[in-house]
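Below, each chain spelled out in residue letters.
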Amino acid sequence: MRFATWNVNSVRARTDRLLAWLQRSEVDVVALQETKSTDATFPATALSALGYETAHHGVSQWNGVAIVSRVGLDDVQRGFAGQPAFGAPDTTPAVEARALGATCGGVRIWSLYVPHGRAVGDPHYDYKLAWLEALRTDAAGWLAADPQARIALTGDFNIAPTDADVYDVAAFEGHTHITAPERAAFRALDDAGYRDVVRPFTDAPRTYTYWDYQQLRFQKNRGMRIDFALCSPALATAVTGARIDRDERKGKGASDHAPVIVEIDS
DNA sequence: ATGGTAGGCCTCCTA
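Residues numbered from 1 in each chain as written. Chains lettered and ligands numbered in written order. Predicted model: local features only at pLDDT ≥ 70, side-chain atom pairs only at ≥ 80, totals over all residues. Heavy atoms only, no water.

**Points about the overall build of chain A**
Counting secondary structure elements, chain A contains five helices and 12 strands. Rg of the C-alpha trace for chain A: 17 Å, near the compact-globule value of 18 Å for 266 residues, within the 12% margin. Taking the principal axes of the C-alpha coordinates as reference, chain A spans close to 45 × 45 × 40 Å. Among the 266 residues that make up chain A, the fraction classed as buried is 56%. Put simply, of all contacts in chain A between residues at least 6 apart along the chain, 70% involve residues at least 24 apart. Averaging the positions of the 28 positive and the 33 negative side-chain charges in chain A gives two centres separated by 6 Å. (Helix = DSSP H or I, 4+ residues; strand = E, 2+ residues; numbered from the N terminus. Rg over C-alpha atoms; globule rule 2.2 N^0.38 Å. Buried < 20%, exposed > 50% of the residue type's maximum accessible area, 1.4 Å probe, protein only. Contact = heavy atoms within 4.5 Å. Lys, Arg positive; Asp, Glu negative; His and termini not counted. Charge placed at Lys NZ, Arg CZ, Asp CG, Glu CD.)

**Topic: the packing of aromatic side chains**
What characterises a pair of aromatic rings is the spacing of the ring centres plus the angle enclosed by the ring planes. By the definition in use, this model includes nine aromatic pairs. Where Tyr167 meets Phe172, the ring centres are 5.8 Å apart and the plane angle is 75 degrees; that geometry is what we call edge-to-face. Classification of Phe172 by relative accessible area gives buried; the value is 14%. By way of ring pairs, the aromatic residues Phe157, Phe186 and Phe228 are connected into one cluster. (Phe/Tyr/Trp six-rings, centres within 6.5 Å; stacked < 30°, edge-to-face > 60°.)

**Things to note about the pattern of salt bridges**
According to the stated counting rule, one finds 13 salt bridges in the structure shown. Ionic pairing is found between Glu248 and Arg24, a salt bridge with its closest N-O pair at 2.8 Å. Taken together, the positions of Glu248 in the loop between β11 (239-244) and β12 (260-264) and Arg24 in helix α1 (residues 15-25) put the pair 224 residues apart, joining distant regions of the chain. The salt bridge partner of Glu182 is Lys128, with a shortest N-O separation of 2.5 Å. (Salt bridge = Lys/Arg side-chain N within 4 Å of Asp/Glu carboxyl O.)

**Some remarks on the sheet that holds strand β6 (residues 99-104)**
One open sheet accounts for six strands, arranged β5-β6-β7-β8-β10-β9; its pairing is mixed. Each having just a single partner strand, β5 (74-78) and β9 (195-196) make up the two edges of the open sheet. Examined bridge by bridge, strand β8 (residues 151-156) and strand β10 (residues 227-231) share five bridges and lie antiparallel to one another. Looking across to β10, one finds that Ala152 is bridged to Cys231. (Pairing = 2+ DSSP bridges.)

**Concerning the environment of Pro200**
Mapped onto the elements of the fold, Pro200 is located in the loop between β9 and β10. For the pair formed by Pro200 and Arg243, sequence separation is 43 residues and the distance between their alpha carbons is 9.8 Å.

**Structural notes on the side chain of Asp196**
One can find Asp196 in strand β9. Polar side-chain contacts of Asp196 include one of 2.9 Å to the backbone nitrogen of Val198. Beyond its immediate stretch of four places on either side in the chain, Asp196 contacts Phe228, Ala229 and Leu230. (Polar contact = N/O pair within 3.5 Å; in protein donor to acceptor, adjacent residues only side chain to side chain.)

**As for helix α4 (residues 180-191)**
Given a rise of 1.5 Å per residue, 12 residues ought to cover 16 Å, and the 16 Å separating the end C-alpha atoms of α4 matches this to within 8%. For α4, the set of buried residues is Glu182, Arg183, Ala185, Phe186, Ala188 and Leu189. Among the structural elements, α3 (123-145), β8 and β10 are those in contact with the buried residues of α4. Once α4 finishes, Gly193 follows within two positions and takes phi at roughly 115 degrees, a positive value. (Expected span 1.5 Å × (residues − 1).)

**Overview of α1**
Thr15, Arg17, Leu18, Leu19, Trp21, Leu22 and Ser25 are the residues of α1 that are buried. Residues of α1 that are buried sit in contact with β1 (2-7), β2 (29-33), α2 (44-49), β4 (65-69) and β12. Phi turns positive one or two residues past the end of α1, at Glu26, with a value near 55 degrees.

**A few points about the sheet that holds β11**
Taking strand neighbours across the sheet as the criterion, the six strands line up as β3-β4-β2-β1-β12-β11 in an open arrangement whose pairing is mixed. Only two strands of the sheet have a single neighbouring strand rather than two, namely β3 (53-57) and β11. Across the sheet, the axes of successive neighbouring strands diverge by a mean angle of 15 degrees, strand direction being ignored. Relative to β12, β11 runs antiparallel, the two being bridged by five bridges. Bridging across to β12, Ala242 finds its partner in Val262. Across the sheet, α1 touches β1, β2, β4 and β12, and the angle it forms with β1 is around 155 degrees. (Axes fitted to C-alpha atoms, helices over the stretch in contact; angles between N-to-C directions.)

Below is the structure:
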C-alpha cells in the first residue's frame, strides 16, 4: 500500500495537476491540506471517475483538508477531540477545518494542517502551540487504547524540526517554524510514539518539502522540510520506503509543497 | 533596491 500527504494550496486551482499526479504516482491514499474549498466545491466527481473515494472537511475559502482513497474510506472524523478554536479579535472563535481522519486499507490516516503561527507572539502562534498540544494529547490516547493500531499523522506541520530542515537558519531568526517551543511540540509527538518514517529514506543534505513561491526559492533549492508522515509503532515497522516527489514542485501551476509518499507492506 | 509570488469570497487577507 502506498499513501501520501500533500499540501495542494487550493485543490480547485490544481485539480488537473492532482488528477495527473494520482495517475502517475499510483498512490492508494493521499491526504490533502489547504484545499481552500468547501465540501460543495471539492472536486469529488473528478476523483471518483479515477476510482477514488473522497472525504473532505472545509468550511470556508481557508484551510480545508481531505482524504482520497482507492482502498476504502471508513469512520470519517472531522476534527479531533479537544481541537482548539481560533478567531480574530472581536469575533467568535471557531474550530477550523484543519484535521480529518479516516481508515483506509487498514491504516488510520489523519490529514493535518497545523496552524502557521504567523509571527512569534501573535495570538496565532499561541494557537499553533495549543493546537499541537491538543493533538498530542488525543493521539497519545489513541495509542493507549490500542498499542497495535496502525495510525499515520500526516500533513503540513509548519515546523522545521531541526536546523538542517531550513535552507538558512539565520534567515529564520526570530520567526516561526524554528522556535524552541514549536520544535518541542513536534518532539512531543515523537515521544508519544509517532515516528517520522520519511527522513530515514530522504536524509540527503538540503532535502525539503516546501519552497516559497518568491525569489526563485525552488530553483535555488532554498526550502524547508515541514511536511511529515508520523507513524505509530505498528505502522512504522511496516514501512518499506518513502520519497519526496520534488518533480511535482516544478513547472507552471505547481503547489509550493511537494507530495510526500510512504510505502508499507500489505 | 526594504521589493519579490500565488491562492482566495480578490485593491486585502493568508501563506
